[in-house]
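Structure assessment
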Amino acid sequence: MRSPVPGLGTVMVFLAAALASASLAVPEGWGEEGVQYGQVGTDVTLSCTGAHAGSPVQWRRAGAAALPAGSAMRQGALVLPHASLATTGTYSCHGEDGGLLHAVSLRLGHLPGVPFVSCRASDYENFSCSWTSSVETFLPTRYITTYRKKSLTGEEKRRNKNGHVGLCLQDPSRPGTCTVHRSEFWSSYRLNITEVNPLGSSFRLLDVTMQAIIKPDPPEGLVVEPIPLAPRRLHVSWKYPSSWPKEPHFQLRFRLQYRPVIHRSWSVVETVNLSEVITDAFAGLEHVVQVGAKDFLDAGNWSEWSAEARATPVKDPATAASEETTTDASLESLAEEPSPAPNPEPINRSDPLEKMAILVSLGIFAFFVLAAVLVITILIWLRVRKHGKDETKPHNFLIAATHSKSLPTEAQIL
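Analysis parameters
- Residues numbered from 1 in each chain as written.
- Predicted model: local features only at pLDDT ≥ 70, side-chain atom pairs only at ≥ 80, totals over all residues.
- Heavy atoms only, no water.
- Salt bridge = Lys/Arg side-chain N within 4 Å of Asp/Glu carboxyl O.
- Helix = DSSP H or I, 4+ residues; strand = E, 2+ residues; numbered from the N terminus.
- Buried < 20%, exposed > 50% of the residue type's maximum accessible area, 1.4 Å probe, protein only.
- Disulfide = S-S within 2.5 Å.
- Pairing = 2+ DSSP bridges.
- Phe/Tyr/Trp six-rings, centres within 6.5 Å; stacked < 30°, edge-to-face > 60°.
- Lys NZ or Arg CZ within 6 Å of the ring centre and 35° of its normal.
- Polar contact = N/O pair within 3.5 Å; in protein donor to acceptor, adjacent residues only side chain to side chain.
- Axes fitted to C-alpha atoms, helices over the stretch in contact; angles between N-to-C directions.
- Contact = heavy atoms within 4.5 Å.
- Core = buried A, V, L, I, M, F, W, Y, C linked by side-chain atoms within 4.5 Å.

We now examine the pattern of salt bridges. For the coordinates displayed, the defined rule picks out ten salt bridges. Between Arg190 and Asp207 there is a salt bridge, with its nearest N and O atoms 2.7 Å apart. You can see Arg190 sitting in strand β14 (residues 188-197) and its partner Asp207 sitting in strand β15 (residues 200-209), a full 17 residues away along the chain. Given the relative accessible area of 23%, Arg190 is considered partly exposed. Among the residues examined, Asp207 registers a relative accessible area of 41% and is labelled partly exposed. Notably, a salt bridge pairs Asp298 with Lys294, separated by 2.7 Å at the nearest N-O pair. Ionic contacts of the salt-bridge type, sharing partners, join the residues Arg253, Glu270, Lys294 and Asp298 into one network.

For the rest of this paragraph, the subject is the state of the cysteines. With the rule as written, the count across this model stands at three disulfides. Cys119 shares a disulfide with Cys129; S-S distance 2.0 Å. Residues Cys119 and Cys129 are joined through a disulfide that is right-handed, its torsion about the S-S bond being 100°. Of the two residues, Cys119 sits in strand β8 (residues 116-120) while Cys129 sits in strand β9 (residues 127-132), which places them ten residues apart along the sequence.

What you see with strand β3 (residues 58-61) is a clean split: Trp59 and Arg61 sit on the buried side and Gln58 and Arg60 on the side with no burial. When β3 meets strand β6 (residues 89-94), the two strands line up antiparallel, connected through four bridges. Residue pairing across strands places Arg60 opposite Ser92, the latter belonging to β6.

Here a ring pair, both rings aromatic, is described through the centre-centre distance and the interplanar angle of the planes. Evaluation of the coordinates by the stated rule reveals ten aromatic pairs. Centroid distance Phe185 to Phe250: 5.0 Å. Interplanar angle 70°. Geometry classified as edge-to-face. With Phe185 in the loop between β13 (177-180) and β14 and Phe250 in the loop between β17 (234-239) and β18 (252-260), this residue pair connects regions lying 65 residues apart in the sequence. Pair check on accessibility: Phe185 and Phe250 agree, each one buried. Each ring, one from Tyr240 and one from Phe254, has its centre 5.6 Å from the other, and the planes form 80°; the classification is edge-to-face. Taken together, the positions of Tyr240 in the loop between β17 and β18 and Phe254 in strand β18 put the pair 14 residues apart, joining distant regions of the chain. The pair Tyr240 / Phe254 is uniform in exposure class, with both members buried. Lying across the ring of Phe282, Arg232 places its NZ or CZ 5.9 Å from the centre. Its guanidinium or amino end placed over the ring of Trp302, Arg255 lies 4.2 Å from that ring's centre, counting from NZ or CZ.

Position of Asp295 relative to the elements: it lies in strand β21 (residues 287-295). Placed 42 residues apart in sequence, Asp295 and Arg253 show a C-alpha to C-alpha distance of 6.3 Å. Within the local environment of Asp295, its side chain forms a polar contact with the backbone nitrogen of Ala299, the two atoms lying 3.4 Å apart.

For the rest of this paragraph, the subject is the sheet that holds strand β2 (residues 44-46). Strands pair in a sheet through their backbones, by hydrogen bonds, and they do so in one of two ways: parallel or antiparallel. With antiparallel pairing, three strands are arranged side by side in an open sheet as β2-β5-β4. Taken across any chain shown, the strands that pair with only one partner, and hence form the sheet edges, are β2 and β4 (72-74). Across this sheet, the average inter-strand angle for adjacent strands is 30°, counted without regard to direction. Bridge count between β4 and strand β5 (residues 77-80): three bridges; the pairing is antiparallel. Bridge pairing in β5 places Met73 opposite Leu78.

As a further point, take unusual backbone geometry. Generally, phi is negative for residues other than glycine and the peptide bonds are trans, each holding for most cases. A positive phi angle, near 50°, is found at Gln75, a position not held by glycine. Here Gln75 is to be found in the loop between β4 and β5. For Leu229, which is not glycine, the phi torsion reads 65° and is therefore positive. Within the secondary structure, Leu229 is located in the loop between β16 (220-226) and β17.

Here Ser306 lies in the loop between β21 and β22 (309-311). If sequence neighbours within four positions are ignored, Ser306 has contacts with Pro218, Pro219, Leu222, Gln290 and Val291.

Counting 39 residues, the largest nonpolar core has Phe127, Leu191, Val236 and Ile278 as the members making the most contacts within it. No other element matches the four residues that β18 contributes to this core. Excluding its chain neighbours within four sequence positions, the residues that come into contact with Ile278 are Arg232, Arg233, Leu234, Val236, Leu256, Tyr258 and Val289. Val44, Val57, Leu78 and Cys93 belong to the second-largest nonpolar core, a separate cluster that totals 13 residues.

See below:
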């Protein structure tokens, strides 16, 4: 065989799951000897091992005065119809003389469900997958975790006739996770997570592309420091996460978020450097800062935020001097001796300068009011006078014209 036929990976998954189910369903493979597993809601039959054929036997349940309702005996075996979780317990069969012939511990549960699986790569050389069961089975459970590379080169096909199926390695210290080591950043993989319990198995196939699942760990070594003589500035520095390999062709970019501790909204800055200067901090207020990372080419997702770091910018000298003056004045007022007896006169808290300023303002206001009244009066007088002159002009013209008619002409005189 040169290359696997289409669908061979899926066939192998089914075969692996079937073999696992067949081998792990044996009671001895799941716990102590003498344990029998059954599915909730089905009829469960308990055999009396050690009893002679046709010999009468008697069944008992530990810790109970009677057997579950509806139970029956068939040829020495105990049948529990539609068994429920309440039917779980230890059962024993006895001979006619009451001697113990056999004891069995019955455990009931459900078939495995299809597990929920998610994968993440914290660097470009390895990726991990984690899973949770979709069904509470109440039974011991194991997982078979394998993978195969979806696209193989000609050389890989010749070397790996089985389609390069490998194990996603499980770590006992981290249950529910497995890791594929030495993965290729530009490749795609198919993961098979098979959940197996004594009743059967169920599996999930998941296609994984490294560029889609890359999510770096948070940056480390975050340090925030005030800058001397710069009231609104903070210097922030950090390091690459230790899990990210130091290679020049796989770099990270960073996102910085910061805010005063008394505020809720964040300011965000992006950079490719390992340090940044915050230029709009609030002088004298403590700030909280965090930083996150993402692949430089924008592949995958942003990391979680780093642990918080805090610092307070230096105070503005002018503001600090003003605050000190106010503080000193407050201390002096507090240091004054109180009066031995209350003064019956009302306390006059007004300042003489304040009174003078008020009087000057009132005088200026009165001057402008009088000036405005005077100007309006003059304008009205001028308008009335002009109107009177216009009315007298036609009358004088008529008088002059009448007078000229009454005078004799030169011809009349001659």
